[in-house]
Amino acid sequence: MFALTKKVAIVTGASSGIGRATAVLFAKQGAKVVVAARRQAELDALVAEIADQGCNATALAGDVRDEAYAKALVELATREYGGLDIAFNNAGSTGEMGPVSELSLEAFRDTLDINLTSGFLGAKYQVPAMIERGGGSLIFTSSFVGHTVGMPGMVAYAAAKAGLIGLTQVLAAQYGAQGVRVNALLPGGTDTPAATFKTPEEWAFVEGLHALKRVAKPEEIAQSALYLASDASSFTTGAALLADGGVSINRT
Ligand SMILES: NC(=O)c1ccc[n+]([C@@H]2O[C@H](COP(=O)([O-])OP(=O)(O)OC[C@H]3O[C@@H](n4cnc5c(N)ncnc54)[C@H](OP(=O)(O)O)[C@@H]3O)[C@@H](O)[C@H]2O)c1
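Note that the structure is a prediction, hence the values are computed from the model and not measured.

The biggest cluster of nonpolar side chains holds 32 residues, and the ones touching the most others in it are A23, F26, V33, I50, F88 and L185. Looking at this core, the elements with two or more residues in it are β1 (8–12), α1 (17–28), β2 (32–37), α2 (40–52), β4 (86–89) and α7 (218–229). Here this core takes seven residues from α1, the largest share from any one element. In this view, A23 contacts V11, A14, V33, V35, L46 and I50; residues no more than four positions away in its chain are not counted.

Overall, the coordinates contain one cavity of 30 Å³ or more when judged by the stated rule. If you add up the space inside the largest cavity, you get close to 150 Å³. Around the largest cavity, the lining comprises 19 residues; the ones closest to its centre are T12, V64, N89, S118 and G122.

Throughout the structure, instances matching the rule amount to two aromatic pairs. Aromatic side chains F26 and F88 sit 6.5 Å apart centroid to centroid with 55 degrees between the ring planes, which places their arrangement in the tilted category. With a gap of 62 residues between them, F26 in helix α1 and F88 in strand β4 connect regions that are remote in the sequence. Here F26 falls in the buried class, since its relative accessible area comes to 0%. Since its relative accessible area comes to 0%, F88 is described here as buried. Seen in terms of ring centroids, F197 and W203 are 5.1 Å apart; in terms of plane orientation they differ by 65 degrees. Their pairing is edge-to-face.

Looking now at the site of the ligand. Close to the ligand lie 29 residues; S15, S16, R38, Y157 and T192 are nearest. Between the ligand and the protein, one listed contact pairs an oxygen atom with a backbone N or O atom of I18 at 2.8 Å. In this structure, an oxygen atom belonging to the ligand sits 2.8 Å away from a main-chain N or O atom of T190. Relative to its unbound accessible surface of 880 Å², the ligand loses 92% to contact with the protein.

Looking now at the environment of E80. With respect to the secondary-structure elements, E80 resides in helix α3 (residues 67–81). Sequence spacing of E80 and G189 is 109 residues, and the spatial spacing of their C-alpha atoms is 35 Å.

The next point concerns the pattern of salt bridges. Two side chains carrying opposite charge are able to pair once their charged atoms lie near each other. Summed over the entire model, instances satisfying the criterion amount to eight salt bridges. Here R65 ties to D110 by a salt bridge, and the two come within 2.7 Å at their closest N and O atoms. With a gap of 45 residues between them, R65 in the loop between β3 (56–61) and α3 and D110 in helix α4 (residues 105–133) connect regions that are remote in the sequence. R65 gets classed as partly exposed once you look at its relative accessible area, which sits at 31%. Several salt bridges share partner residues, and in doing so they unite D63, R65 and D110 into one network.

The rules behind these values
Residues numbered from 1 in each chain as written. Predicted model: local features only at pLDDT ≥ 70, side-chain atom pairs only at ≥ 80, totals over all residues. Heavy atoms only, no water. Core = buried A, V, L, I, M, F, W, Y, C linked by side-chain atoms within 4.5 Å. Buried < 20%, exposed > 50% of the residue type's maximum accessible area, 1.4 Å probe, protein only. Helix = DSSP H or I, 4+ residues; strand = E, 2+ residues; numbered from the N terminus. Contact = heavy atoms within 4.5 Å. 1 Å grid on protein atoms, 1.4 Å probe; cavity = no way out; pocket = protein on both sides within 12 Å on 5 of 7 lines; lining within 4 Å. Points joined across faces, edges and corners; volume = space filled by probe spheres on them. Phe/Tyr/Trp six-rings, centres within 6.5 Å; stacked < 30°, edge-to-face > 60°. Near = heavy atom within 4 Å. Polar contact = N/O pair within 3.5 Å; in protein donor to acceptor, adjacent residues only side chain to side chain. Areas by Shrake-Rupley, 256 points an atom, 1.4 Å probe, with all protein chains shown as cover. Salt bridge = Lys/Arg side-chain N within 4 Å of Asp/Glu carboxyl O.

Below you can see the structure in the form of structure tokens.
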């Protein structure tokens, strides 16, 4: 059920955190993985690690705000591995945070570009490639922020992550008949370089927000991405799947 044998996947944001852990897991499950992010050296190290495990990956560095990069990733998957079955559109960043009155239009737009427009650009090239294969699974990394929790200071990030859920629903409705499933994955606080909690006090505060009283390891979120990528979720589409340690429902 969770096997990805003979599947081809694109994972963005693969140089670090959730994306890196997911690329490793997808490859272990048998997928051939195209790994994407801006930092070439980190991608090269990841490709080498996956190859050491006897699995397959290839890297292309670029910026997910760039339409040509979205196209090139799908072309690489097709040229190198024969097509595309899975896309984990995961690259993202909290961007500039702060009171709305102090946020520049430029910073707001940039956060939308990194987190939301990147998803649109990915889908634009991934969906046709998947239809050509007779179906596939698209996954967007959204967040509980902007969906179940209003987190002060995160105006642009919340708007972008909520936007991904709208994108998910429309794509799921539009392409379901052609075998393409589309889901959003909503992690809770996760211990990655991007985490905004740094000091022991911030760490304790964020852990306490979660019903499980801890944050996730990237490998735990990767397991949820694998569920959505694999046939284990064959009847799941248009979903906003919380993998959030109960941060959405916790009130203590
Ligand atoms: N950590 C959390 O608590 C948490 C909670 C909910 C949702 N999320 C979401 O989970 C996703 C992964 O985040 P993470 O926590 O794993 O953070 P991370 O370790 O910082 O990883 C972010 C990844 O995105 C890539 N990236 C950022 N901007 C990019 C750009 N313009 N073009 C190409 N790649 C770009 C980074 O690679 P380069 O720097 O090499 O480009 C990196 O690989 C994000 O969408 C984030 O919003 C995280």
